[in-house]
Amino acid sequence: MGDQLIFTYIIDGDDFTRAGEASSSVKNKLKLLGVGSEVIRKVAIAMYEGEINMVIHAEGGTITVTVSDSDITMVLTDKGPGIPDIEQAMQEGFSTAREEVRSLGFGAGMGLPNMKRFTDEMFIDTVIGEGTTITMRVNL
């Protein structure tokens, strides 16, 4: 490849019908680029979880995916409420999702733990009242 490919997605807040479209699109693009299926699986799961989190907690945001020769980097940026306690939020099963969100089958508290599990690196930069930026990297 030599160059970087960059894909940008705008995620709508509170739109569960379209949640997952961005991760699905990236999955298809990576297949066309000939990226290995295990890498595609990791990227798709991590990005899907992030996408759902943006819909549930942050009224949407932006996801920028950069594909280089060495890795795939996903930067998820939102203008949501921020994460008050990252350590607590990283615990499996911890969730601040509203009841109506849970009734749709989302908000089980596995989003951030899965994002970390399926990536090689994950950084969370959050400011209460301003938003959160999560950077995830999967090595090729």
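Each residue is numbered by its place in its chain's sequence as written, counting from 1. Totals for whole chains, interfaces and linings use all residues, but because this is a predicted model, local features are given only for residues with pLDDT of at least 70 and pairs of side-chain atoms are given and counted only at 80 or more. Heavy atoms throughout the structure, all of them, feed into the side-chain values; hydrogens and water do not.

A. Quick look at the environment of Lys79. Helical segments are the DSSP runs of H or I of at least four residues, strand segments are the runs of E of at least two, and each set is numbered from the N terminus. As for its position among the elements, Lys79 is in the loop between β3 (71-78) and α3 (86-89). Residue Lys79 is classed as exposed on the basis of its relative accessible area of 70%. Counting along the chain gives 31 residues from Lys79 to Tyr48, while the straight-line C-alpha distance between them is 18 Å. Buried means the residue's accessible area, taken with a 1.4 Å probe over protein chains only, is under 20% of the maximum for its type, while exposed means over 50%, and partly exposed covers the values in between.

B. Just helix α2 (residues 37-57), in detail. To estimate how far a helix should reach, multiply one less than its number of residues by 1.5 Å. Compared with the 30 Å implied by 1.5 Å per residue over 21 residues, the 30 Å span of α2 between its first and last C-alpha is a close match. One or two steps after α2, the chain reaches Glu59, where phi turns positive at roughly 55°.

C. Main features of unusual backbone geometry. Not every positive phi belongs to a glycine, and Glu59 is a case in point at roughly 55°. Positionally, Glu59 belongs in the loop between α2 and β2 (60-67). Among the residues examined, Glu59 registers a relative accessible area of 69% and is labelled exposed.

D. Quick peek at the nonpolar core. Only buried residues count toward a nonpolar core, which is a set of Ala, Val, Leu, Ile, Met, Phe, Trp, Tyr and Cys residues joined through side-chain atoms within 4.5 Å. Grouped together as the largest cluster of nonpolar side chains are 35 residues, with contacts concentrated most on Tyr9, Val65 and Met74. Listing elements by their share of this core, those giving two or more residues are β1 (5-12), α1 (21-32), α2, β2, β3, α5 (111-117) and β5 (131-139). If near-sequence neighbours (up to four positions away) are discounted, Tyr9 is found in contact with Ala22, Ser25, Val26, Lys29, Met47, Gly61, Thr62, Ile63 and Val65. Only heavy atoms enter the contact rule, under which two residues are in contact if any of them lie within 4.5 Å.

Spatial relationships are all this shows, so hold off on functional conclusions.
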